Every structure is written in structure tokens, then in C-alpha cells.
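# Topology and contacts: notes
The residues making up each chain are set out below.
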Amino acid sequence: SGFDWKPHLEMITMHPFPGFSTKLFLKFYDYHPPFAFLVARGFAFLGISPVPSIQLTSTLAMLTSFLFIRSTLRALQFLTKPEGIVFLYFTYSIPLNIYLSRSINMEAVVFAFASGILFFSIKFFRTTSEHSLAQKITTFICLSLLLAGVLMTKFTGFVLLAIPVLVAYFYSSGFSVRNIGLALCACLFALLLVFPYYHSRYFRTEGTWLPNNTNHFDIRRQTAARENRDKDKIGFIFSLFQPAPVHADGLELRDMKVLRLTDTWKDFWVMDKWLIDRQQKSTSILSLSLGPFYFFVLPVLFV
């Protein structure tokens, strides 16, 4: 299961591999950076069939993320405290994360990189005079390589460039130009590493650094949606924060015409209709009732 699982599968079975071609949009998913596909193809070359190859990639990515977060909590001296233990195991029992660990997706790989970037950011800015220069340089290089790795996995990786900067800010007693500068240097180093790929594959061929497949395959509906948005931009913003009327008919539904943040919140706890329909008969009553429980109760607990 997974959104766009068939296009994802094409990237594992296609020969030659399209992830390095400068011809984009021959396939629906070929515009993505190649890292997650290459890992799954590596398992496929070992004789594992394509679907389990992708699922194995997702499982290992979530396990890697778990170990990074566990190491982060240990570095922060939270791992021996009840709240740290609860945080660790609750995070990886969120329905969305369980789903990511066994489905066809790239987000599990992005999540693994995010967890690693957080760990090495904290490790870098926790270094003291006891740490050697070699240790500091090694940590800096690991941080930069992880940032580059996520940029070679999915465009949403650019959001993760904020993690080192945020860690540098909150680890400083006041605004530290030195720490912020070091964080930005790690980001810049990562950008330099991926620049040749982005320039040759995207900018030179498409004239943009971040091409989008819906602008190619779904341009009519995208254009109509953008025109509708631009007619009332203030109303568009307000509608983001309004409840989704379709949830009255079931939390597994989403508003297909208006973007709603409640749909984003729903995705953490309740599987989307497009994914659950064919599994409905084998899904237990307890499982179906837990999603709505999370959806309504967790906001109160978080506050």
C-alpha cells in the first residue's frame, strides 16, 4: 500500500535507471532525486522482488530513525527518565509511523535522515574543549553528508536545513553568531555537494531547481485550482484552519477541493480512504476506533 505505489515501483524495475537522466517526466516519479530508489534497487539486485525491496528500505529507515532518536535522547540525558522513554516509544507507535515502516514510500527515508541530522546537530553543538578537533570535524562532515543525503532523496529535504540552525540557536545562551554561522556552513556544504546534480538535471533542462510532476501531468486541474485560490487569497488562508466538512461522513475522508490542516492532522492517526478501502474487511473494530480516539484526544493531551 502507499500513495502512487505503482509509479514508485516503476523506478525500481525500470532499466536503465531513470534517476540520472536529464529527460524528466518520462515517468510520473522520475523527477525525484534517486537515493531512496537506489537503496531499494540494491535489494532488488540481490534477488529480492521489487515490492519487498521497497518495504525493506522503509523498515530499515524507520529502525535507523529509532536508533538516532534514542541516541539523541541519551545525549540529552532523557533516556533514563520516564518522559524520555515515553517520548521514544510513543513516537514510533504513532499509526503513521507504523504505516511508514511497512508501506511503499520515501518519507521513511526522509524521516531517518531527519533523525540523523538532529542527532549530529546536537552532538556538534554539545562539543566541549575535551573533544578533539578531529572529532568536531568528523561530526561536521557527518551532519553535512546527511543534509546532502536527504536533498538527494526528496525535495522536502530542504525543510530539514532548518534543523542545524534551530539547534544552534537554542543551544546558545543568547544569539551566537558563531554557532549560527557554523550551522549555515554545514547547510552550505551540503548544498555545494548536491549542486552539480540539481543544476545538470533540473535547472539546465527545466529552468527550475524544484520541478513538479503535477505541473506536467495534471496542469489543467492545477491551473484551475490556483486560479480559484488567487480569486480570494484571504479566504484561502482562512479555509486552511477551518474544519473539514467531509469528516462528518468519516475521518478516513479528505476534502478534495479545499486544503485543510485538519486533513493533515487526520493523516497522523487515520488511514486515508484511498488506502484503506481494499483492507476494510480485514480491519478490526478496535483498530478502526483507535484512529478517531487519537484524532480527538491527542490535541488535549498535547496542550
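Parameters and conventions
- Residues numbered from 1 in each chain as written.
- Predicted model: local features only at pLDDT ≥ 70, side-chain atom pairs only at ≥ 80, totals over all residues.
- Heavy atoms only, no water.
- Helix = DSSP H or I, 4+ residues; strand = E, 2+ residues; numbered from the N terminus.
- Rg over C-alpha atoms; globule rule 2.2 N^0.38 Å.
- Buried < 20%, exposed > 50% of the residue type's maximum accessible area, 1.4 Å probe, protein only.
- Contact = heavy atoms within 4.5 Å.
- Areas by Shrake-Rupley, 256 points an atom, 1.4 Å probe, with all protein chains shown as cover.
- Lys, Arg positive; Asp, Glu negative; His and termini not counted.
- Charge placed at Lys NZ, Arg CZ, Asp CG, Glu CD.
- Salt bridge = Lys/Arg side-chain N within 4 Å of Asp/Glu carboxyl O.
- Expected span 1.5 Å × (residues − 1).
- Bend = angle between axes of the 7 residues up to and from the residue.

On a plain count of helices and strands, the protein comes out with 15 helices and zero strands. The globule rule puts the C-alpha radius of gyration for 303 residues at 19 Å, and the 21 Å found for the protein is close to it. With the C-alpha coordinates of the protein rotated into their principal frame, the extents come out at 60 × 50 × 50 Å. Looking at the 303 residues of the protein, the share that counts as buried comes to 38%. Sequence separation of at least 24 residues holds for 62% of the intrachain contacts in the protein that already meet a minimum separation of 6. Only carbon and sulfur atoms are counted for the fraction: they give 67% of the accessible area of the protein, which is about 17600 Å². Mean positive and mean negative side-chain charge positions of the protein (28 and 18 charges, respectively) differ by 7 Å.

Now for the pattern of salt bridges. Two side chains carrying opposite charge are able to pair once their charged atoms lie near each other. For the coordinates displayed, the defined rule picks out nine salt bridges. One salt bridge connects glutamate 107 with lysine 154, and the closest N-O pair in it is separated by 2.1 Å. Pair noted here: glutamate 107 is in helix 6 (residues 107–125) and lysine 154 is in the loop between helix 7 (133–151) and helix 8 (162–170), with a separation of 47 residues, a long-range link. The exposure class of glutamate 107 is partly exposed, given its relative accessible area of 34%. Here aspartate 218 and arginine 221 are joined by a salt bridge, their closest N and O atoms 3.0 Å apart. A relative accessible area of 62% places arginine 221 in the exposed class. Three or more residues are tied together by salt bridges with common partners; here these are Arg254, Lys266, Asp267 and Asp272.

Further remarks concern helix 15 (residues 285–302). A turn of α-helix holds 3.6 residues, and therefore any two residues three or four places apart point the same way. Its 18 residues give helix 15 an end-to-end C-alpha distance of 26 Å, which sits within 8% of 26 Å, the value for a rise of 1.5 Å per residue. At phenylalanine 296, helix 15 is bent by approximately 35 degrees, the largest bend along its length, and proline proline 299 sits one to four residues beyond. Where helix 15 is concerned, the buried positions are Gly291, Tyr294, Phe295 and Leu298. Buried-residue contacts for helix 15 involve helix 4 (82–91), helix 5 (95–100) and helix 13 (261–269).

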